[in-house]
Amino acid sequence: MSIQSNIQSIRTHIPTHVRLVCVSKFNPNESILEAYETGERIFGESKVQELCGKYETLPKDIVWHFIGHLQTNKIRYIVPFVSLIHGVDSFKLLTEIDKQAAKTGKTVHCLLQVHIAQEETKFGFSPDELLEIFEAGTWKQLNNIQICGLMGMATYTVNKDQIRCEFNGLKTLFDQVKHQYFSDNSSFCELSMGMSDDFQIAIEEGSTLVRVGSSIFGHRNY
Ligand SMILES: *Cc1c(COP(=O)(O)O)cnc(C)c1O
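Anyway, here's the lowdown on the structure attached to this text. As the structure is a computational prediction, the values presented were derived from the model and not from experiment.

Thresholds, definitions, all that
Residues numbered from 1 in each chain as written. Predicted model: local features only at pLDDT ≥ 70, side-chain atom pairs only at ≥ 80, totals over all residues. Heavy atoms only, no water. Core = buried A, V, L, I, M, F, W, Y, C linked by side-chain atoms within 4.5 Å. Buried < 20%, exposed > 50% of the residue type's maximum accessible area, 1.4 Å probe, protein only. Contact = heavy atoms within 4.5 Å. Helix = DSSP H or I, 4+ residues; strand = E, 2+ residues; numbered from the N terminus. Disulfide = S-S within 2.5 Å. Near = heavy atom within 4 Å. Polar contact = N/O pair within 3.5 Å; in protein donor to acceptor, adjacent residues only side chain to side chain. Areas by Shrake-Rupley, 256 points an atom, 1.4 Å probe, with all protein chains shown as cover. Nonpolar A, V, L, I, M, F, W, Y, C, P; charged D, E, K, R; others polar. Pairing = 2+ DSSP bridges. Expected span 1.5 Å × (residues − 1). Arc of directions from axis to C-beta. Salt bridge = Lys/Arg side-chain N within 4 Å of Asp/Glu carboxyl O.

1. Section: the nonpolar core
Counting 64 residues, the largest nonpolar core has Ile78, Ile97, Phe134 and Leu150 as its most contacted members. Those residues in contact with Ile78 that lie beyond four places of it in its chain are Val48, Leu51, Cys52, Phe66, Leu70 and Ile85. Core analysis: the second largest hydrophobic core is formed by seven residues, Val21, Leu84, Leu111 and Leu209 among them.

So, in structure tokens, the structure goes:
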């Protein structure tokens, strides 16, 4: 299957209120351009250096999302052009993004990552930690970041009920945070969940951004 036909078949499963993030990590510019030609504009990368290289060489109307684990010393390289950082997993990182964004006079859009999987390997706040952060209120003083929603990854399992349950839990948390802390602020509106193997379940459970890589570009060569 070609990239073009992969995208066409994925689109049939994505309702209009959900946006597709084409996860292009480890894939060359030619593959990204193939997806671009079909009309896709949002691309997700997980390594700072790779993202910066692609930003430099690819069309400037591409909307770049960072979906990986971001190290504080690399924030400044992506702040000038990144549209959304999905995986903010500590308050320190949020504070550092704010600091770097202030230097360039920008507001950087961020999603806080919540640990919903039954796996140690995935990053993110626990639901309790997340609520503590919001309750503490310090985030309101960070004027150069905008918390636009939450992001999570389900357990890597064939158990569809478990995946659904984890996504459902994240949606409930999202609604709670939105209600308690963003009732007067419509910018908290994104729920990033769902990858190649589980994006359809994620959409059913309330996702607004699906991050799809291998179903578009094929298996990655690491
Ligand atoms: C790689 C990656 C994806 C895409 O995964 P696929 O299974 O290839 O669709 C989505 N989200 C994150 C955070 C990733 O690192």
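Picking up after the structure, the text goes on.
2. Some points on the environment of Phe167
Checked against the element boundaries, Phe167 lands in helix α7 (residues 160–181). For Phe167, a relative accessible area of 0% gives the class buried. Along the backbone, Phe167 and Asp98 are 69 residues apart, and their C-alpha atoms lie at a distance of 28 Å. Among all residues touching Phe167, those that are not within four sequence positions of it are Ile116, Gly152, Ala154, Met193, Gly194, Asp198, Ile201, Ala202 and Glu205.

3. Quick notes on the environment of Ser9
Along the chain, Ser9 turns up in helix α1 (residues 3–11). Residues Ser9 and Ser215 lie 206 residues apart in sequence; the distance between their C-alpha atoms is 9.7 Å.

4. Quick look at the state of the cysteines
Applying the stated rule across the entire model yields zero disulfides. Counting only cysteine sulfurs, Cys189 is the nearest neighbor of Cys22, a cysteine outside any disulfide, at a range of 19 Å.

5. So, the site of the ligand
Lining the immediate surroundings of the ligand are Val23, Lys25, Ile67, Met151, Met153, Met195, Ser196, Arg211, Val212, Gly213, Ser214 and Arg220. Between an oxygen atom of the ligand and a side-chain N or O atom of Ser196, the distance comes to 2.5 Å. Here a nitrogen atom of the ligand and a side-chain polar atom of Arg211 are 2.8 Å apart. Computed on the free molecule, the ligand has an accessible area of 390 Å², of which 89% lies beneath the protein chains in the complex. Across the shell around the ligand, the residue classes break down as six nonpolar, three polar and three charged.

6. Brief notes about the pairing of strand β8 (residues 209–212)
In summary, the side chains of a regular strand alternate between the two faces of the sheet. On β8, burial covers both faces: Leu209 and Arg211 on one face and Val210 and Val212 on the other are all buried. As defined by bridge partners, strand β1 (residues 19–23) adjoins β8 across four bridges and the pair is classed as parallel. Residue pairing in the sheet places Arg19 in a bridge with Leu209 of β8.

7. A short note on the environment of His219
Tracing the chain through its elements places His219 in the segment after α9 (214–217). Taking relative accessible area as the criterion, His219 reaches 78% and is therefore assigned exposed.

8. Describing unusual backbone geometry
Located in the positive-phi region is Phe26, a residue other than glycine, with phi close to 65°. The topology assignment puts Phe26 in the loop between β1 and α2 (29–37). You can call Phe26 partly exposed: its relative accessible area is 29%.

9. Here we look at α7
Here α7 spans 31 Å end to end across 22 residues, near enough to the 32 Å set by a 1.5 Å rise per residue. Of all the residues in α7, the buried ones are Gln162, Ile163, Glu166, Phe167, Leu170, Leu173, Phe174, Val177 and Tyr181. Within α7, the buried residues cover an arc of 130° as seen down the axis, which keeps them to one side. The exposed set on the far side of α7, more than 90 degrees from its buried face, consists of Lys160, Asp161, Cys165 and His179. Residues of α7 that are buried in the fold lie against β5 (108–114), α6 (127–136), β6 (145–152), β7 (190–192) and α8 (199–204). Taking the backbone nitrogen of Asp161 as reference, a side-chain oxygen 3.1 Å away marks Asn159 as the first, capping residue of α7.

10. Quick notes on the pattern of salt bridges
Inspection of every chain in the model, using the stated rule, returns nine salt bridges. Linking Glu40 and Arg11 is a salt bridge whose minimum nitrogen-to-oxygen distance equals 2.8 Å. Taken as a pair, Glu40 in the loop between α2 and β2 (42–45) and Arg11 in helix α1 lie far apart in primary sequence, 29 residues in all. Residue Lys171 pairs with Asp175 through a salt bridge whose shortest N-O separation is 2.9 Å. Here Asp175 and Lys171 lie together in helix α7, a separation of four residues that amounts to about one turn. By relative accessible area, Asp175 is classed as partly exposed at 35%. Linked by salt bridges that have partners in common, Glu45, Glu50 and Lys54 make up one network.

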